[in-house]
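Geometric and topological summary
If you want the building blocks of each chain, they are given just below.
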Amino acid sequence: MRPSELGSFDWSLFLAVLFTCGVSLLTLFSATFQNPDLSGLVVRQAFWIGVGLLALLVMLSIDYHTLAGFTPLLYSASLLALGYLLFFGRSIAGTRGWLELGPMNMQPSEFVKIVLIMTVGTYIAATGGHKLGWRPLATLMVLGGVPLALILKQPDVGTAATLVPVLLVAVFVAGIQVRVLVILALILALALPIAWVTYFKDYQKERILTFVDPERDPQGAGYQVRQSKIAIGSGGLTGQGLFKGTQSKLQFLPAQQTDFIFAVVAEELGFAGAGMLVGLYLFMTLRCLAAARLARDKLGRYLALGFGTAFGCQSLVNLGMMVGLVPIVGIPLPLMSYGGSSMVATLMGFGLVLNVNMRRYVN
Amino acid sequence: MALREHLEYAEKMRTQRRTRVVTVLFIAAFTAYLGTLWYLQVIRGEMYRTLASENVLRTVKVPAYRGNIRDRHDRILVSNRLAFNVYMDREAIRDREALIHFLAALLEMEPDVLRHRLETTRPRPLERRIVLVEDVTLKQAVSIEARQLEWPELSIEVEARRSYPHGRLSAHALGYVGEISEAEMRSSAFAGDLVGGDIVGKTGIERSYETELQGSKGARRVRVNSRGRVVEDVGLDRPPRHGTDLRLTIDLDLQRALEEAMAGQAGAGIFLDPWTGEVLAMASSPAFEPNLFARRFPAEAWNKLLSDPLKPLQNRASLSSYSPGSTFKIVVAAAALADKVVTPATTIFCPGYAVIYGHRFHCWKAGGHGSVNLEDAIVHSCNVYFYQVGKMLGIEAIARFARRLGLGEPTGIDLLREAAGLIPTPRWKEETRGQPWYAGETISVAIGQGPLNVTPLQMARMAATLANGGRKVTPHLVYRGDTIEAAEASRRHGEDGFTTRTMTALRRAMVGVVERGTGKAARVAGIKVAGKTGTAQYSSRSAGVDADELPYAIRDHAWFVGFAPAESPRIAFAVFIEHGGHGGTTAAPVARRVLERFFSPLGEESASSAGRGSRDMQVAAPMVGEGGPDASL
């Protein structure tokens, strides 16, 4: 790192990320301090934040062009890992997405997300200045489609779902020939009903139907949305007070240390805290997109755009679940939810964006 | 080169432009989220806050104790005791079989009973604890509590349970309690917040004063977690209103004397204060053990009681009606005197039979009683005299007078269910059988036969009406502090007393029954007892055969009704012995033993308030009213 690079380091984004990690620790403490089964969660999360920050530093230090050079290797490794999971993966909460590494479990798909962002960025950067024609589009679809299919197979619909906007936004920004677009739209319109009948499992359909009509399943997913909305709504303007939320303390809120962590903040800190957190996520997303606009070259643009899109969309999906705007799919709130893989991968992604941003003036 | 640079420049511009579009989309989406958040938290916040507190705050009911029931001297008849129930948290079960064996050994139960109970409670929500075993001993409860660490799924909870310290004593009047039924929960008679598992009165006083005895539950607010488990006691919202204590008119000593006298015999006995209608003792024999019903699952006790041939659950005092037999002759005699069909001096010749309407009716005494007046006819229970008088009176006059004395209609006692009995009339026969009344039937009715049916309670009320000079009182079990004055004030319009002449004649005749007639077994030293025996034919096979030689089930029913002392009555009674044979031999001795208790120095003391009213009163009979022409004679 050269001093000139450090001068263009995006401190505001970095501090926002650090601050969010702090909020995560505080909220996790609130969600778990009364539950002896979950003691030690905060310490573990702090450990993973430390690991993640180290990874961020690594991703930041190496020029992103150099990093992009590893893409084919990382991509292949990702496919291997996902393939391995299908046969030997450890099943947690119905998903074969976990790799057992000694005492801990790792979720490779979180890292595959970053690799896929790099892969898409590297590939589009190589297509030059043209809009995407049939061939590059097809290539992109295959590059993205294979890991996507493997993740869906686990089945981890939530993670897979966040990969789709990465591809779509990349294709949108890169531009697509009108002819191709029309035909694609037609195919999609045809494929959806067919997929509904053939691919989606009953419980997945049920989730989507429950989203449309929450009263359908008041004990299952409908119950979760209802309790989440009660938690959020009861927070009011200023909240029930830190550590005082009844929805979370008395276990009405499901998965409050992971997917539903936002509801804990909203219940205890009210609109003041929850609105600020939403603003913070928007801010971080926008800083990534700004990094994309300001990037020195096409590779930088697509790396930052890819991660910004992934981070923003995943945040929107998770927050949308909380307030009942999006069906319940198991997906964590990046930087907030408990989980080592997600934390480390997300921090690595920010490292990538900070990297691109820092090197925007370098020739 | 230029083209490439141009392309790259165009690409950069396009990318930046489109990235701005993506940026705007994100801003829009996040702003929409902020709006949603504002809507949920600030605009609908109040509603969600309510929902959140509904989630965690539960109102639990605080049980109210059922009221105690005491006798007229404030001695406890029914109270509550503490019972220890074993509760089980099924979520915490680790080793079901080991647990069952531990409990079965400790409680000396069959393991299968426990398994069955666990099986039947399976459908209930798992987080709700179940009552596994009811009413264990204190020692067993302590043993279970002491092993809390070993068996954390078990806990002991204390609840109030109905307790009848005198067991079977007065069981039918008191009644029993039980778990509220589905039908009762829907019924408006059981008002209040009663839920399944709650204990309510089923019969007797327990049932008829259910509202007073039940009280109403209090409410306590607790904080619960998502599994419904209480985490904090917020406080008492409303204290329970415990049930009201009831004071009965029953005298425990008299009740005991009555039941002891009736022991081993089926039947009923009712002893009333003739002035107020207060029930001093009321028994139906055999009785049941009401403590058995205080449990939640008394299925075995039920089946045993239901299959008992002596039907201990049947309240013979007020819910069963029987033929009155010769005791009915008093009704006919009173009617004849009142309607001036005869005078006390009128004599009728009894040759042992009478031919009426071309039909030969027999007297029970083969050779006949010779020439008898009303007193002789009652003392010796002469049938022929009453055949003739009945013929003169006609069925309508007999029926009117029977009702006048309270027969064939509910007495209005403060128990919910009561048999009406039956006094036949031509109209009744027309309506129910579609046949005309035959004049010959009147002759049978005149001696207490035919389709006549009365309850022992009605007979006791009749005795009270005769004792007080003709005023119908309403028998009641709950003490109201009645005085004769109050009773007098509440007397119904148009119900006037008998004339002195009627009363004197009836009293003399009934005293004669005890002094020298069929009721000698009821004589009490120093007290003039007025009474009338009755032997109600139960089966035609019993005619003219000694009761002892007949199978129990077809023996005649025995009656003895009366009052004492004859001149200033303080107690009126009816004793009924099912298949007892002759009234004089089985029913009269029961009355005697109760009367002896009532008039004994000890009895005097304990009966002081029972007799208070009548002692203050001088010889009250006859109580002649201003009177319409109908009643005065």
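Just so we're clear, the structure is a prediction, and the values are computed from it rather than from any experiment. (Residues numbered from 1 in each chain as written. Chains lettered and ligands numbered in written order. Predicted model: local features only at pLDDT ≥ 70, side-chain atom pairs only at ≥ 80, totals over all residues. Heavy atoms only, no water.)

From N to C terminus, chain B includes 23 helices and 19 strands. Buried positions account for 54% of the 633 residues belonging to chain B. Excluding contacts between residues fewer than 6 apart, the proportion of contacts in chain B whose partners are at least 24 apart in sequence is 73%. In the form shown here, chain B has an accessible surface area of approximately 27900 Å², with 53% of it arising from carbon and sulfur atoms. (Helix = DSSP H or I, 4+ residues; strand = E, 2+ residues; numbered from the N terminus. Buried < 20%, exposed > 50% of the residue type's maximum accessible area, 1.4 Å probe, protein only. Contact = heavy atoms within 4.5 Å. Areas by Shrake-Rupley, 256 points an atom, 1.4 Å probe, with all protein chains shown as cover.)

As a further point, take the overall build of chain A. Within chain A, the secondary structure is distributed over 15 helices and 3 strands. Structurally, chain A occupies a C-alpha span of about 55 × 55 × 40 Å along its principal axes. Within chain A, buried positions represent 55% of all 363 residues. Sequence separation of at least 24 residues holds for 74% of the intrachain contacts in chain A that already meet a minimum separation of 6. Element-wise, carbon and sulfur atoms account for 71% of the exposed surface of chain A, whose accessible area totals about 14800 Å². On chain A, the mean spot of the 24 positive side-chain charges and the mean spot of the 16 negative ones are 10 Å from each other. (Lys, Arg positive; Asp, Glu negative; His and termini not counted. Charge placed at Lys NZ, Arg CZ, Asp CG, Glu CD.)

Each regular strand carries side chains that alternate between the two faces of the sheet. All names here are of chain B. Here 6 bridges tie strand S1 (residues 57–62) to strand S8 (residues 218–224), and the two strands are oriented antiparallel to one another. Its bridge partner lying in S8, Val-62 is registered against Gly-218. As paired strands, S8 and strand S9 (residues 230–238) are joined by 6 bridges and run antiparallel to one another. Residue pairing for S9: Arg-220 is matched across the bridge by Leu-236. (Pairing = 2+ DSSP bridges.)

Right, let's talk about the state of the cysteines for a bit. For the structure shown, the criterion picks out 0 disulfides over all chains. Its sulfur unpaired, Cys-288 of chain A is 12 Å from the next cysteine sulfur, which belongs to Cys-313 of chain A. (Disulfide = S-S within 2.5 Å.)

Turning our eyes to something else, we now look at the packing of aromatic side chains. Across all of its chains, the model carries 25 aromatic pairs over all chains by this definition. Aromatic pair Tyr-385 of chain B and Phe-386 of chain B: ring centres 5.2 Å apart, planes at 75°, arrangement edge-to-face. Looking at Tyr-385 of chain B, the relative accessible area reads 1%, which means it is buried. The exposure class of Phe-386 of chain B is buried, given its relative accessible area of 0%. In this structure an aromatic cluster arises from ring pairing among Tyr-281, Phe-307, Phe-311 and Phe-350 of chain A. Lying across the ring of Tyr-357 of chain B, Lys-391 of chain B places its NZ or CZ 5.9 Å from the centre. (Phe/Tyr/Trp six-rings, centres within 6.5 Å; stacked < 30°, edge-to-face > 60°. Lys NZ or Arg CZ within 6 Å of the ring centre and 35° of its normal.)

Residue and element names in this part refer to chain B. If you walk through the whole model with that rule in mind, you get 36 salt bridges over all chains. The closest approach of N and O atoms between Arg-81 and Asp-135, which form a salt bridge, is 2.6 Å. Of this pair, Arg-81 sits in strand S3 (residues 76–88) while Asp-135 is found in strand S4 (residues 130–136), placing the two residues 54 residues apart along the sequence. By relative accessible area, which is 33% here, Arg-81 ends up partly exposed. In this structure Asp-135 comes out as buried when scored by relative accessible area, which is 15%. Arg-516 is the partner of Glu-375 in a salt bridge, and the nearest nitrogen-oxygen pair spans 2.7 Å. In this pair, Glu-375 is assigned in helix H13 (residues 374–379) and Arg-516 in helix H20 (residues 500–516), connecting sequence segments 141 residues apart. You can call Glu-375 buried: its relative accessible area is 14%. (Salt bridge = Lys/Arg side-chain N within 4 Å of Asp/Glu carboxyl O.)

Among the nonpolar cores identified, the biggest contains 116 residues, and Ile-232, Phe-262, Tyr-281, Met-284, Leu-335 and Phe-350 of chain A are the most heavily contacted of them. Ignoring anything within four residues of it in the chain, the contact list for Phe-350 of chain A reads Leu-13, Val-17, Leu-56, Met-284, Cys-288, Phe-307, Phe-311 and Leu-335 of chain A. Cys-382, Leu-407, Met-510 and Ala-574 of chain B belong to the second largest nonpolar core, which has 97 residues in total. (Core = buried A, V, L, I, M, F, W, Y, C linked by side-chain atoms within 4.5 Å.)

Another aspect to go through is the pairing of S3 of chain B. Residue and element names in this part refer to chain B. Pairing of strand S2 (residues 69–70) with S3, which is carried by 2 bridges, proceeds in the antiparallel orientation. Opposite Ile-69, over in S3, you have Val-78 as the bridge partner. Between the end of S2 and the start of S3, which pair antiparallel, lie 5 residues, with Asp-74 showing a positive phi angle near 65°. Bridge count between S3 and strand S5 (residues 154–163): 10 bridges; the pairing is antiparallel. Within S5, the position partnered with Asn-80 by the bridge is Arg-162.

Right, let's talk about the sheet that holds strand S11 (residues 267–272) of chain B for a bit. Residues and elements named next belong to chain B. Spatially, S12-S11-S19-S18-S17 is the arrangement adopted by the 5 strands of the open sheet, whose pairing is antiparallel. The sheet terminates laterally at strand S12 (279–285) and strand S17 (530–536), the two strands that pair on one side only. Adjacent strand axes in the sheet meet at a mean angle of 5°, parallel and antiparallel pairs treated alike. Pairing of S11 with strand S19 (residues 571–577), which is carried by 6 bridges, proceeds in the antiparallel orientation. Across the sheet, Ala-268 pairs through a bridge with Phe-576, a residue of S19. In this fold H20 packs onto S17 and strand S18 (557–564), with an angle of close to 70° to the strand it touches most, S17. Relative to the sheet, helix H21 (residues 583–599) contacts S11, S12, S17, S18 and S19, its axis offset from that of S19 by approximately 145°. (Axes fitted to C-alpha atoms, helices over the stretch in contact; angles between N-to-C directions.)

Residue and element names in this part refer to chain B. Residue placement: Val-234 occurs in strand S9. Residue Val-234 is classed as partly exposed on the basis of its relative accessible area of 43%. Once the C-alpha coordinates of Val-234 and Ala-530 are considered, the two residues, 296 residues apart in sequence, prove to be 67 Å apart. Those residues within four positions of Val-234 in sequence are excluded, and the remaining contacts are Leu-57, Arg-221, Val-222 and Arg-223.

Here the focus is unusual backbone geometry. All names here are of chain B. The omega torsion of the bond from Ser-285 to Pro-286 falls at -5°, within 30 degrees of zero and hence cis. Its location among the elements puts Pro-286 in the loop between S12 and helix H11 (299–307). For Tyr-357, which is not glycine, the phi dihedral falls at a positive 50°. Its place among the elements puts Tyr-357 in the loop between strand S14 (353–356) and strand S15 (359–362). Despite not being glycine, His-579 has its phi angle at roughly 50°, a positive value. Along the chain, His-579 falls in the loop between S19 and H21.

All right, on to the confidence of the model for chain B then. For chain B, per-residue confidence averages 85 on the pLDDT scale, and residues scoring 70 or more make up 90% of the total. Residue range residues 605–633 of chain B is modelled with pLDDT below 50. Its contacts to residues more than four positions away, or to other chains, number 60 contacts. (pLDDT = per-residue confidence, 0-100.)

It is worth spelling out the packing of helix H2 (residues 11–32) of chain A against helix H15 (residues 340–358) of chain A at this point. Residue and element names in this part refer to chain A. The N-to-C vectors of H2 and H15 enclose an angle of 170°; their axes lie 11 Å apart at closest approach. Judged by the angle between their axes, H2 and H15 are roughly antiparallel. In this structure, the crossing between H2 and H15 has a hand that is right-handed. Residue-level inspection shows Leu-13, Phe-14, Val-17, Cys-21 and Ser-24 of H2 in contact with H15, the latter providing Met-343, Leu-347, Phe-350, Val-353 and Leu-354. (Parallel < 35°, antiparallel > 145°, perpendicular 65-115°, else oblique. Left-handed = near helix turned anticlockwise from the far one by under 90°.)

For the rest of this paragraph, the subject is the interface of chain B and chain A. Accessible area lost upon the coming together of the parts serves often as the stated size of an interface. Taken together, the contact between chain B and chain A spans 36 residues of the former and 56 residues of the latter. Among the residues of chain B in contact with chain A, Phe-30, Tyr-33 and Gln-41 of chain B are the three that bury the most area, contributing 18% of the side total. The salt bridge involving Glu-11 of chain B is made with Arg-301 of chain A; its shortest N-O contact spans 2.7 Å. In this assembly, chain B and chain A are joined by 10 residue pairs in polar contact (both at pLDDT 80 or more). Counting residues per element, the ones that place at least two in the side of chain B that touches chain A are helix H1 (2–43), helix H2 (45–56) and S8 of chain B. Taken together, the residues of the side of chain B that touches chain A break down into 19 nonpolar, 10 polar and 7 charged. (Buried area = accessible area lost by both parts, 1.4 Å probe. Polar contact = N/O pair within 3.5 Å; in protein donor to acceptor, adjacent residues only side chain to side chain. Nonpolar A, V, L, I, M, F, W, Y, C, P; charged D, E, K, R; others polar.)

Turning next to the sheet that holds S9 of chain B. Working definition: the strands of a sheet are paired by backbone hydrogen bonds and lie parallel or antiparallel to each other. Residue and element names in this part refer to chain B. In space, the 3 strands of this open sheet follow the order S1-S8-S9, with antiparallel pairing throughout. The sheet terminates laterally at S1 and S9, the two strands that pair on one side only. Averaged over all neighbouring strand pairs, the angle between strand axes comes to 30°, with direction disregarded. Packing against the sheet, H2 makes contact with S1 and S8, and its axis sits at approximately 40° to S1.

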